[in-house]
There are 2 protein chains.
Amino acid sequence: MSGFEVLVAGGGMAGLTAGLFSARNGRKTGLLLGDEVAGGGHLISVGRIEDFPGFPEGVPGYDLCPMLQEQALNAGVECLPGSLEKITQSDGGWVASTGAGEIQASAVIVATGSEARRLDVPGADRLHGRGVSDCATCDGPLHRGKTVAVVGGGDSALLEVLELTNHVERVLLFHRGRELGGQHTYRTRVLEHPAIEVRAESVVEEVLGDEVVGAVRTRVAGGEVVEDAVAGVFVYIGLRPRTDFLRELLTLDDDGRVATDGGMRTGLPGLFAAGDIRADSASQAITAAGDGATAALAAHRYLDRGEDD
Amino acid sequence: MSGFEVLVAGGGMAGLTAGLFSARNGRKTGLLLGDEVAGGGHLISVGRIEDFPGFPEGVPGYDLCPMLQEQALNAGVECLPGSLEKITQSDGGWVASTGAGEIQASAVIVATGSEARRLDVPGADRLHGRGVSDCATCDGPLHRGKTVAVVGGGDSALLEVLELTNHVERVLLFHRGRELGGQHTYRTRVLEHPAIEVRAESVVEEVLGDEVVGAVRTRVAGGEVVEDAVAGVFVYIGLRPRTDFLRELLTLDDDGRVATDGGMRTGLPGLFAAGDIRADSASQAITAAGDGATAALAAHRYLDRGEDD
């Protein structure tokens, strides 16, 4: 069983930044990348992050994340395959069970992030990977010259709608509310874009198609049902924190998120949480990174003092 | 009297990031840069920030800060001269008094950061700007080929000692403790550097010199007094948060810092705090930036709902 002073679970912004700061503080630090080969979490597929400090022209997630992973590796972080499946207290420390075996650690920083919520309507699961997608940069280019649908009305949906306009002919944006959510900057750009048609107060009821997506059926405010021919359906209806393995240890909030104090401490000795899984998280790349650094410094002090200071 | 939805006080990492996110959320946002002409806070004079995510080769503070300021300006932030001298509640909002007049704002994010503590020994004040300095990148080049002293033992001192080795012949590092503090990465580099002599358990008692610094007098562990000829004395003995103007409004901790919740709310409606002035702050560039984004989103929601949600 391999052992570390600090084990970070998660290879997104929070996890990589936690690893970077932990290693720079001289702690023997392991980092579980999760099921992905490379770190980065969600952001790895974002075409342009505009609000990460230090990049006035914006930076693609597939650049930012590998750069941060390189920083963490240079600092001495050991990247490990596998996801955190279970953690248990043992001898004043923790034992983490992963698909690739058990790992002992004196402190654990959980930064497992979140996954896209699936659309729970007929056809959506059956056609997932056959036109139903949650990655515009990955699958947008497959639909060149065609019309696609996006479902959702927050920042993620708006960002991905804008990304899709680089690839497809026309985007229909279906959202439940009267007004779009998300950042004003993105909202304005979406509303003014000639290739985007915003369909407010529209609830997707079914994704249609035999082998691949062919159309989407929605119910609009008055109850009328509308069918639109589309080649793809991109779904951004929120995120579900990956915290199931914490349920036996901690009380989670209604959304499955973890409460922490300002030092990212969970209340259990040597167990810290950072990024999207935190109840207080503002769910931005920069706030996840800040969380990671704060958690790493708190874990470092915890190991120094042998207590949850 | 000019007016804003959100007024950010402070042009460091926390303030600039708060401004960026506030403007991107469509809020009319003013930003008080403080007494400096350009934003950036402390970091503006740091030669290489190694732990800011996204910069594997490190980034000079005098690059990172202007890039972030450009981002904030592009997003629509209005930068204003002057420092926050006083804030008072008025008509459900706030009135900020600055050297350049009064500003009305519905919400205020205080990110005034901290200033270097001065060395409180004979000669230090008199010779400030005449060899006594708190900026290695600014004043290091003045002492090419000479020996200088650094006072302090934390991250800032270590970073600046390493910066000084690019300019001067030899650096004497005086610190009170037995062991250096700060990041392991920096500590190792300082201890192994041939041009750096670390003087543990040494308390500086006087800075000597007529027109300019000529020597420094220290008392070592056994009580013995030592005098070293040095051309400069660089002081990094900690930071003092700039929060004096908050004393009438809020209870500050013993260090003068402000308590907030996870959304950077101070407890007073529409008043938020971010960065070094927060009691929970981990005092890193990346955590200050994260704080700023979190505060801006909390202020945005506060203005939406008309209450401290």
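Here we summarise the structure given alongside this text. Only a predicted model underlies this, so the values are computations on that prediction, with no experimental measurement involved.

Applying the stated criterion across every chain yields a total of 40 salt bridges over all chains. The partner of A:R240 in a salt bridge is A:D244, and the shortest N-O contact between them spans 3.6 Å. Looking at A:D244, the relative accessible area reads 43%, which means it is partly exposed. In this structure, the salt-bridge partner of B:R240 is B:E115, at a minimum N-O distance of 2.9 Å. With a gap of 125 residues between them, B:R240 in strand 16 (residues 239-241) and B:E115 in strand 7 (residues 114-116) connect regions that are remote in the sequence.

Okay, the relation of the copies chain B and chain A next. For the pair chain B and chain A, the relating rotation is 180°, the translation along its axis is 0.0 Å, and the fit reaches an RMSD of 0.0 Å. Here the transformation between the copies is reduced to the relation of a two-fold axis. By C-alpha distance to the rotation axis, the residue of chain B lying nearest is B:G290, at 2.4 Å. Here 100% of the interface residues in chain B have copies in chain A that are interface residues too; the copies meet face to matching face.

Looking now at the interface of chain B and chain A. Facing 37 residues of chain B, the contacting portion of chain A comprises 37 residues. Of all residues in chain B, B:R24, B:P56 and B:Q71 give up the largest surface area on contact with chain A, accounting jointly for 23% of the area buried on that side. A salt bridge links A:R24 to B:E50; the shortest N-O distance between them is 3.0 Å. Those elements that place two or more of their residues in the side of chain B that touches chain A are helix 1 (13-24), helix 2 (61-75), helix 5 (184-192) and helix 6 (285-305) of chain B. Considering every element that reaches the side of chain B that touches chain A, the biggest residue donor is helix 6 of chain B, with seven residues. When grouped by side-chain class, the residues that make up the side of chain B that touches chain A number 17 nonpolar, 14 polar and six charged.

Okay, the nonpolar core next. Core analysis: the largest hydrophobic core is formed by 76 residues, its most contacted members being A:M13, A:F52, A:I109, B:M13, B:F52 and B:I109. With residues up to four places along the chain from it excluded, the contact list for A:I109 reads A:V6, A:L7, A:V8, A:A9, A:A18, A:F272, A:A274, A:A295, A:A296 and A:A299.

Residue and element names in this part refer to chain A. Spatially, 12-13-14 is the arrangement adopted by the three strands of the open sheet, whose pairing is antiparallel. The open sheet has two edge strands with one neighbour each: strand 12 (202-208) and strand 14 (225-229). In this sheet, adjacent strand axes meet at a mean angle of 25° when their direction is disregarded. Both strand 12 and strand 13 (residues 215-220) contribute to a ladder of six bridges, which runs antiparallel.

Residue and element names in this part refer to chain B. Of the strand pairs in this sheet, strand 10 (residues 170-174) and strand 11 (residues 196-199) are connected by four bridges, and their pairing is parallel. Across the sheet, L172 pairs through a bridge with E197, a residue of strand 11. Between the parallel pair strand 10 and strand 11, the chain is carried across by helix 5, and the sense of this crossover is right-handed.

Once that is clear, we can look at the state of the cysteines. For the coordinates displayed, the defined rule picks out two disulfides over all chains. In this model, A:C135 is linked to A:C138 through a disulfide, with the two sulfur atoms separated by 1.9 Å. Every disulfide takes its handedness from the sign of the S-S torsion; for A:C135 and A:C138 that torsion is 70°, giving right-handed. The class of A:C138 is partly exposed, set by a relative accessible area of 44%. The thiol of B:C79 is not disulfide-bonded; the next cysteine sulfur, from B:C65, is found 13 Å away.

Right, let's get into unusual backbone geometry. Unlike most non-glycine residues, A:D91 shows phi in positive territory, near 50°. Locating A:D91 in the fold gives a position in the loop between strand 4 (84-90) and strand 5 (93-98). Accessibility expressed as a relative area gives 83% for A:D91, which makes it exposed. With a phi angle near 65°, B:M264 is a residue other than glycine that sits in the positive phi range. When you line up the elements, B:M264 lands in the loop between strand 16 and strand 17 (271-273).

Attention shifts here to the packing of aromatic side chains. Following the criterion strictly, the structure yields six aromatic pairs over all chains and no others. When the centroid spacing of 6.1 Å and the interplanar angle of 70° are considered together, the rings of A:F272 and A:Y302 count as edge-to-face. Taken as a pair, A:F272 in strand 17 (residues 271-273) and A:Y302 in helix 6 (residues 285-305) lie far apart in primary sequence, 30 residues in all. Since its relative accessible area comes to 7%, A:Y302 is described here as buried. With 6.3 Å between their ring centres and 45° between their planes, B:F52 and B:F55 make a pair best called tilted. By the burial criterion, B:F52 is buried, and B:F55 matches it. Through a chain of ring-to-ring contacts, three or more aromatic side chains come together here, namely A:F52, A:F55, B:F52 and B:F55. One residue, A:R24, lies across the ring of B:Y186, its end atom 4.9 Å from the ring centre.

Where helix 6 of chain A contacts helix 6 of chain B, the axes come no closer than 8 Å and their chain directions differ by 135°. Classified by the angle their axes make, helix 6 of chain A and helix 6 of chain B are oblique. The crossing of helix 6 of chain A and helix 6 of chain B is left-handed. On the side of helix 6 of chain A, the interface is formed by A:I286, A:T287, A:A289, A:G290, A:A293 and A:T294, while helix 6 of chain B contributes B:I286, B:T287, B:A289, B:G290, B:A293 and B:T294. Partitioned by chemical class, the residues of the contact of helix 6 of chain A with helix 6 of chain B number six nonpolar, six polar and no charged.

This part covers the environment of B:E160. All names here are of chain B. For E160, the location among the structural elements is in helix 4 (residues 155-164). Using a relative accessible area of 6% as the deciding quantity, one classes E160 as buried. Between the C-alpha atom of E160 and that of I87, which follows or precedes it by 73 residues, the distance is 35 Å. Setting aside its immediate chain neighbours within four residues, E160 contacts D134, C135, A136 and Y236. Reaching out from E160, the side chain makes a polar contact with the side chain of Y236 at a distance of 3.2 Å.

What follows deals with the environment of B:V148. Residue and element names in this part refer to chain B. For V148, the location among the structural elements is in strand 9 (residues 147-151). On the basis of relative accessible area, V148 is assigned to the buried category, the value being 0%. Residues V148 and F234, spaced 86 residues apart in sequence, show a C-alpha to C-alpha distance of 7.7 Å. Those residues in contact with V148 that sit more than four places away from it in its chain are H143, L164, V168, R170, V171, L172, V230, G232 and F234.

Definitions and limits used
- Residues numbered from 1 in each chain as written.
- Chains lettered and ligands numbered in written order.
- Predicted model: local features only at pLDDT ≥ 70, side-chain atom pairs only at ≥ 80, totals over all residues.
- Heavy atoms only, no water.
- Salt bridge = Lys/Arg side-chain N within 4 Å of Asp/Glu carboxyl O.
- Buried < 20%, exposed > 50% of the residue type's maximum accessible area, 1.4 Å probe, protein only.
- Helix = DSSP H or I, 4+ residues; strand = E, 2+ residues; numbered from the N terminus.
- Least-squares fit on C-alpha atoms with pLDDT ≥ 70 in both.
- Contact = heavy atoms within 4.5 Å.
- Buried area = accessible area lost by both parts, 1.4 Å probe.
- Nonpolar A, V, L, I, M, F, W, Y, C, P; charged D, E, K, R; others polar.
- Core = buried A, V, L, I, M, F, W, Y, C linked by side-chain atoms within 4.5 Å.
- Pairing = 2+ DSSP bridges.
- Axes fitted to C-alpha atoms, helices over the stretch in contact; angles between N-to-C directions.
- Right-handed = clockwise from strand over helix to strand, strands pointing away.
- Disulfide = S-S within 2.5 Å.
- Phe/Tyr/Trp six-rings, centres within 6.5 Å; stacked < 30°, edge-to-face > 60°.
- Lys NZ or Arg CZ within 6 Å of the ring centre and 35° of its normal.
- Parallel < 35°, antiparallel > 145°, perpendicular 65-115°, else oblique.
- Left-handed = near helix turned anticlockwise from the far one by under 90°.
- Polar contact = N/O pair within 3.5 Å; in protein donor to acceptor, adjacent residues only side chain to side chain.

This is a description of form; function is not addressed.
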